[in-house]
Amino acid sequence: MTSAAFLAVSDVIVGYGGNTVLDRLSLSIERGEFVALLGSSGCGKTTLLRTIAGFNRPQSGSLTLAGRDITLAAPDKRNMAMVFQSYALWPHMTVAQNIGYGLKLARKPRHEIDARVEEIAGMLGLAGLEDRKPAALSGGQRQRVALGRALAVEPDVLLLDEPLSNLDARVRLNVRHEIRALQKRLGITAIHVTHDREEAMVMADRIVILDKGMIAQQGAPHEVFNRPMSPFVAAFMGAENIVDLAGVVEGNRVEIVEGPSNRRAMIGLDGRRLSSGRVEARFRPEAAELVPASATAASDRNGAESRDEDALTLLGTVEQTSYPGGCWRHVVAVGAAKVAVDAPTAIEPGTPVTLRVPAAALFLFDAPGRGAEPVPRLVAA
Amino acid sequence: MSALSMQDGRAAGKRLRLPFDLKWLPRAIVLGLVAFAIFGPLANLLLWTVAERWYFPHTLPLEYGFSYWAKVFSPRGVAWESLFTSVFIALLAVIGSLALAIPAGYALGRLKLPARGLILLVFLIPQAFPNLPVYVNIARFFYDVGLNGTIAGVVLVHVTHGLVFAVWIATASFAAVDAELEEAARSMGAGPFRAFFDVTLPLALPGLMASGIFVFLESLDEFTGAYFVGAPDVQTLPLLLYTAGAGGNYQIASITALLLLIPSIFFMLVVERFLRADVLSRIGH
């Protein structure tokens, strides 16, 4: 952790009653950065946000903002503004009063407040609604008011607690880009809590994946997506196909031993932390190339040795096809495992097929039960 | 053939039908009796307020008039003074109990169940005791400290009496205000008190008003405590009513009762408007 970090969370422990929600968590955020805290429910992401906001007090550890220790500072003394999942708009105040409240507290002159409220309402497409009460607004409009109220005070850090989860899908896609564009234009530091992987990927500069109160991995969206460091992150990033293999590590390569449903393969380690033994291979449905076995058999006979360089070939049988849109999704039985694979054309159920997974899209981990923690299967929502 | 028999059947049905439906009769009788039980005494009271002469065995007053109204409201009459005393005490009781019920209700409203329900239940225990021995003891104690026969003493008794309900209603009102609304205010830079006064209090106000009105009406009607602690130095309307009634002065008693009825009915309507179902439903939550 660098001391230059704008917002630094250091070794923070937060718990309710007996159970620890955040376990010695450290995170540093640069000025102007948009960070997404991603995780399934109960992983502690909202607790972390509320701790940063000052609504939860850490049992140990510290928080600093621009060099100032804010560990024990009251929520109103942190110059952060939070957008709540429920929006938490004050029903007895009009839109203008909601947005202008923070400025009123700062004892800004009346005309200045009016001008700023008008500016924000215009920026968020709320012009003309200033005199309405929140009850008379649509969900999307309420969300904008909540955002406008937080932006009006020009906070050092904008905290967003799943602000899009109550919007319907179509509005949500627009608002994502609007918030991101606004954040870039105003240069605000923002922390966004979400359980939606795509939302986090689209909006954030950096994704922080939380699991059981600890950071599982953090990095730019493409890094986390393409280089998951653990089975948990891989699963969260959509690589839910699991195949058990055996591997032998030699130098900077791993040799996948030929099995009943896979060919022998040599895969470059390329930074993967792996040891010899049982290997858990994970890949995304769209990462594998699906070919009927009859088509590959001919070409294989030409090659003297059926050994793949930098790609894994799996043998299986198509069990089921469906068309979710864009491409055909096949459920393929590979040994005891069932994997989902996308292909541009449908292949009849019952057809023997080979799956080719390029090394770049293949995530290899030491199989659970070999010292590593067991990995819960979870659906990336 | 079949059409003919159907016609016959209809004709037979018509012959049996009475000019009114018999099955309504028991309901009408029960409703009538209930109405009489509720409104009978009130009608009697209203008659007494305008009766000049009325004695046994006459069913209705012998003579009607407003001379007793003039007597009650005459400048030398005690009714005005009692009315003012009563209203003054009631207002002080409202201020006193709200001053306690607002912080208590706020704390309890933010408390998690089941602790909240348990504490509220404990508050109810004093209400389970018979009033009379409690007030006799209070009166004895007030004698010792010199509070007997003072307005402050009566106010104190009424505050304790109304507090339970005031706290209950205030708790429900505060619990109905989402804690996140207050957190949002804190997040925008409001201190704890500012957030309370700008957000939580205005949103809980309808319930608090209802709670205040409740205490006001309770105080206005309260007799036992006022009798033991206040009488004869502090003369509230119920005490006046009691003296008049005990002295056989039914006209004055009835007119006083009617006076007591006015604020009750007025505030009942206000309470009905302000105490929304969603606030009431939070009491047990």
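Just so it is clear, the structure is predicted and the values come from calculations on it, not from any experiment.

The rules we used
Residues numbered from 1 in each chain as written. Chains lettered and ligands numbered in written order. Predicted model: local features only at pLDDT ≥ 70, side-chain atom pairs only at ≥ 80, totals over all residues. Heavy atoms only, no water. Helix = DSSP H or I, 4+ residues; strand = E, 2+ residues; numbered from the N terminus. Buried < 20%, exposed > 50% of the residue type's maximum accessible area, 1.4 Å probe, protein only. Contact = heavy atoms within 4.5 Å. Areas by Shrake-Rupley, 256 points an atom, 1.4 Å probe, with all protein chains shown as cover. Pairing = 2+ DSSP bridges. Axes fitted to C-alpha atoms, helices over the stretch in contact; angles between N-to-C directions. pLDDT = per-residue confidence, 0-100. Patch = residues over 30% accessible without salt bridge, like charges linked within 9 Å, V, L, I, M, F, W, Y side chains within 5 Å. Salt bridge = Lys/Arg side-chain N within 4 Å of Asp/Glu carboxyl O. Expected span 1.5 Å × (residues − 1). Arc of directions from axis to C-beta.

Examining the overall build of chain A
Next, step 1: For chain A, the helix and strand inventory stands at 9 helices and 21 strands.
Next, step 2: The proportion of buried residues among the 381 residues of chain A is 52%.
Next, step 3: Relative to all contacts within chain A whose residues are 6 or more apart in sequence, the contacts with residues 24 or more apart total 68%.
Next, step 4: With the model as given, the accessible surface of chain A reaches about 17000 Å², and the carbon-plus-sulfur share is 50%.

Topic: the sheet that holds strand 2 (residues 19-29) of chain A
Pairing between sheet strands relies on hydrogen bonds along the backbone, with the strands arranged either parallel or antiparallel.
Residue and element names in this part refer to chain A.
Next, step 1: Pairing in this open sheet of 4 strands is antiparallel, and the strands run 2-1-4-5 from one edge to the other. A strand with exactly one partner marks an edge of an open sheet, and here the two such strands are strand 2 and strand 5 (68-69).
Next, step 2: Bridging between strand 4 (residues 60-65) and strand 5 involves 2 bridges; their strand directions are antiparallel. Bridge pairing in strand 5 links Leu 65 to Arg 68.
Next, step 3: Against the sheet, helix 1 (residues 45-53) engages strand 1 (7-16), strand 2 and strand 4, with an angle of about 115° to strand 1.

Things to note about the confidence of the model for chain A
Residue and element names in this part refer to chain A.
Next, step 1: Per-residue pLDDT for chain A has a mean of 86; in total, 92% of the residues score no lower than 70.
Next, step 2: Low pLDDT (under 50) marks residues 301-305, which in the prediction has 1 contact with non-local residues, meaning those over four places away or in another chain.
Next, step 3: In this model residues 371-381 is a low-confidence stretch, pLDDT under 50, and it forms 23 contacts with partners more than four residues away in sequence or in other chains.

What to know about the pairing of strand 19 (residues 337-343) of chain A
Working note: regular strand, side chains alternate between the two faces of the sheet.
Residue and element names in this part refer to chain A.
Next, step 1: For strand 19, the buried fraction is high: 6 of the 7 residues fall into the buried class.
Next, step 2: Here 7 bridges tie strand 18 (residues 327-334) to strand 19, and the two strands are oriented antiparallel to one another. Looking at strand 19, one finds that Arg 329 is bridged to Asp 342.
Next, step 3: Remark: 2 residues form the turn of the hairpin made by strand 18 and strand 19, two consecutive strands paired antiparallel; Gly 335 in that turn has positive phi of roughly 60°.

Digging into the side chain of B:Ser211
Residues and elements named next belong to chain B.
Next, step 1: Examined against the element boundaries, Ser 211 turns out to sit in helix 9 (residues 192-221).
Next, step 2: We classify Ser 211 as buried; its relative accessible area is 1%.
Next, step 3: Apart from residues no more than four positions distant in its own chain, Ser 211 is found in contact with Leu 98, Ala 166 and Ile 169.

A word on a nonpolar patch on the surface
Residues and elements named next belong to chain B.
Next, step 1: On the surface, Val 30, Val 34, Ile 38, Phe 39, Leu 42, Leu 261, Ile 265 and Leu 269 cluster together into a nonpolar patch covering about 720 Å² of accessible area.
Next, step 2: When residues of the nonpolar patch are traced back to their parent elements, those giving at least two are helix 2 (24-49) and helix 12 (250-274).
Next, step 3: Ranked by residues supplied to the nonpolar patch, first place goes to helix 2 with 5 residues.
Next, step 4: Here Ile 38 is to be found in helix 2.

Some points on unusual backbone geometry
Residues and elements named next belong to chain A.
Next, step 1: Positive phi is not limited to glycine here, since Arg 24 has a value of about 45°.
Next, step 2: Here Arg 24 lies in strand 2.
Next, step 3: In this structure, Ala 88 takes a positive phi of about 50° despite not being glycine.
Next, step 4: Within the fold, Ala 88 resides in the loop between strand 6 (80-83) and helix 2 (95-105).
Next, step 5: Taking relative accessible area as the criterion, Ala 88 reaches 4% and is therefore assigned buried.

Looking at helix 3 (residues 110-123) of chain A
All names here are of chain A.
Next, step 1: The terminal C-alpha atoms of helix 3, which comprises 14 residues, lie 20 Å apart, in line with the 20 Å expected from a rise of 1.5 Å per residue.
Next, step 2: Looking only at helix 3, the buried set comprises Ile 113, Arg 116, Val 117, Ile 120 and Ala 121. Buried residues of helix 3 fall within an arc of 130° about the axis and therefore sit on the same side. Turned more than 90 degrees away from the buried face of helix 3, the exposed residues are His 111 and Glu 118.
Next, step 3: On the buried face of helix 3, the contacting elements are helix 2 and helix 4 (139-152).
Next, step 4: Of the residues trailing helix 3, Gly 125 is marked for its positive phi of about 70°.

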